[in-house]
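Below are the chains, spelled out letter by letter.
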Amino acid sequence: MSSESIVGYAEEARTSSAPPVGRFSRFVRRSHEQGRLVIQPRMGFADSATMRRGLEAVRAVRGASVGTVTVDSYTRVNDHASARRALDRGDDLNGYPVVAHGTDETRRLLAGVADDDFPVQFRHGSALPQELFRALAAVGADATEGGPVSYCLPYSRVPLPQATAAWAECCRILADRPEVMHLESFGGCMLGQLCPPSLLVALSVLEGMFFREHGLRSISVSYAQQTHPEQDLEALMALRRLAGEWLGDVDWHVVLYTYMGVFPRTSVGAFRMLEDSARLAVRSGTERLIVKTAVEAHRIPTIDENIDALEFAAAVAEDERGHGEDAGPVPGTGIYEEALMLIASTLRFGDDVGTALVNAFAQGHLDVPYCLHGDNANRSRATIGPGGTLRWSHAGAMPVSTGSDGAVQPVSARSLIDMLGYNERRFDREQLVGSAVRGML
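Attention here is on the structure that accompanies the text. (Residues numbered from 1 in each chain as written. Predicted model: local features only at pLDDT ≥ 70, side-chain atom pairs only at ≥ 80, totals over all residues. Heavy atoms only, no water.)

Residues L55, L199, M209, I343, L366 and V368 are the most contacted members of the largest nonpolar core, which totals 112 residues. Examining the composition of this core, we find that ten residues originate from one element, helix α10 (residues 197-213), more than from any other. Ignoring anything within four residues of it in the chain, the contact list for I343 reads A202, V205, L206, M209, L242 and W246. Membership of the second largest hydrophobic core comes to seven residues, among which are F27, V28, V38 and A143. (Core = buried A, V, L, I, M, F, W, Y, C linked by side-chain atoms within 4.5 Å. Buried < 20%, exposed > 50% of the residue type's maximum accessible area, 1.4 Å probe, protein only. Helix = DSSP H or I, 4+ residues; strand = E, 2+ residues; numbered from the N terminus. Contact = heavy atoms within 4.5 Å.)

Right, here's the structure in full:
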């Protein structure tokens, strides 16, 4: 886009803010206005009866909850024949195979449980989800998620241009529905960890702009909890400000993910991490929180373990809202400015958002650190500073500041593993040190 087009795009988006459309967004907005954080699990079971029990249990939690149906791995790669064979054998898949189950079965799953007071989102992870989106449109799903970059680079070997074209088609499938389906960008969760906040924020807003460009009117932008709470607060405020500037004429809200990386191994450490994310969500004004459970480091959680996590998060959010201090001035380390620069400069790589994203990655102008996909330059590097903040150690061809002389800071296999385990050690160590002190008293 030309400089004039970019300015015009931002001004157009900034002029108004649409009221909520579709029952997913209406529920989120209503809950937020009532002072309740919307909580949501990451839960999926192959068997329809078990999946139904899970949805009913989530609906009954003490808190404002929305349901989740997480799709299985076969469906994510469009291997529906293998999913059907697995169902026939009674195999235990890692999610619900929407296409293999068929439209009638999924409609029965949702009937009587999904409604205005309990919308349901389907979560998947597919780079080429056209067939899945057609199935979701047919069953009247309330929401789904992903994006042309965020469900391509981390999870597949699909070329980015092909994934971008597929997601444009998927947006049209949703836009042509008579009922509004909500679409959430996964852009704020790239690889789950070790991606500095400015790039996460920029990618989420750019995917939101891609959705908007292809006719969607109800979207959410995302951010995943990282390694430093004050930096995360600044990032969430930057994300909200940029969404208002670039997506203002569509219905949008913000969703926060409890940490997506290596999780604490102790139960108390895991709950402490979840507590921090719930408090962060309230402090930042975030509308929706995707929770993780106390057993994330070990196995797929049960229904009861998901419910425990949801109710714990709801209780923490209520406590923070009732007794927590005002967040005060938002720290300013330049996340907003850097993310804005990445958004505006990326748009100059094409006449539309999809083309701009593809070309920006091809030139290394956008570059996710440690991402091995063939269309990602993988020249940028990030590190965790002494205080726990994520920062750039090498920019590659990205127009970001490293605060150094531009020399590449080497990352060994050992140091990378240490960084990946930073939050695991931090929260588990607090638990173990506390236990040791109590033992001496």
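With that out of the way, let us pick up the packing of helix α12 (residues 267-284) against helix α13 (residues 303-323). Where α12 contacts α13, the axes come no closer than 8 Å and their chain directions differ by 45°. One element, α12, and the other, α13, form an angle in the oblique class. When the axes of α12 and α13 are compared, the crossing they make is right-handed. Contacts from F271, L274, E275, A278, R279, V282 and R283 of α12 reach α13 at D308, A309, F312, A313, V316, A317, D319, E320 and R321. (Axes fitted to C-alpha atoms, helices over the stretch in contact; angles between N-to-C directions. Parallel < 35°, antiparallel > 145°, perpendicular 65-115°, else oblique. Left-handed = near helix turned anticlockwise from the far one by under 90°.)

Glancing now at the pairing of strand β10 (residues 381-384). On β10, burial covers both faces: R381 and T383 on one face and A382 and I384 on the other are all buried. Bridging between β10 and strand β11 (residues 390-394) involves four bridges; their strand directions are antiparallel. Each bridged residue has a counterpart across the sheet, and for I384 the counterpart in β11 is L390. Between β10 and β11, which pair antiparallel and follow one another directly, the connecting turn spans five residues, one of which, G388, has a positive phi of 100°. (Pairing = 2+ DSSP bridges.)

Turning to the environment of W252, a few remarks are in order. Within the secondary structure layout, W252 lies in strand β8 (residues 251-257). With 158 residues separating them along the chain, W252 and N94 place their C-alpha atoms 30 Å apart.

Here E275 shows up in helix α12. Each C-alpha atom, one on E275 and one on E320, is 9.9 Å from the other, the two residues being 45 residues apart in sequence. Residue contacts for E275: discarding those within four places in its chain leaves F312 and V316.

Attention shifts here to the packing of aromatic side chains. Given two aromatic rings, one states the distance between the centres and the angle between the planes to describe the pair. Under the defined criterion, the tally for this structure stands at eight aromatic pairs. Residues F186 and Y257 carry aromatic rings whose centres are separated by 5.5 Å and whose planes lie at 85° to one another, so their mutual orientation is edge-to-face. With F186 in the loop between β6 (182-185) and α10 and Y257 in strand β8, the pair connects residues that are 71 residues apart, well separated along the chain. The pair formed by F186 and Y257 is uniform in burial state, with each residue classed as buried. Judged by centre distance (4.9 Å) and plane angle (65°), the ring pair of F271 and F312 falls under edge-to-face. Highlighted residues: F271 in helix α12 and F312 in helix α13, separated in sequence by 41 residues. Classification of F271 as partly exposed rests on a relative accessible area of 24%. (Phe/Tyr/Trp six-rings, centres within 6.5 Å; stacked < 30°, edge-to-face > 60°.)

Time to look at the pattern of salt bridges. Oppositely charged side chains can form a pair if their charged atoms are brought close together. All told, the structure shown has 24 salt bridges when counted by the stated rule. In this structure, the salt-bridge partner of R62 is E311, at a minimum N-O distance of 2.9 Å. You can see R62 sitting in the loop between α3 (48-59) and β2 (64-65) and its partner E311 sitting in helix α13, a full 249 residues away along the chain. You can call R62 exposed: its relative accessible area is 63%. We note a salt bridge from R108 to E105, for which the minimum N-O separation is 2.8 Å. Placement of both R108 and E105 in helix α7 (residues 103-110) is noted, with a separation of three residues, approximately one turn of the helix. The network of salt bridges with common partners includes R123, E145, E184 and R288. (Salt bridge = Lys/Arg side-chain N within 4 Å of Asp/Glu carboxyl O.)

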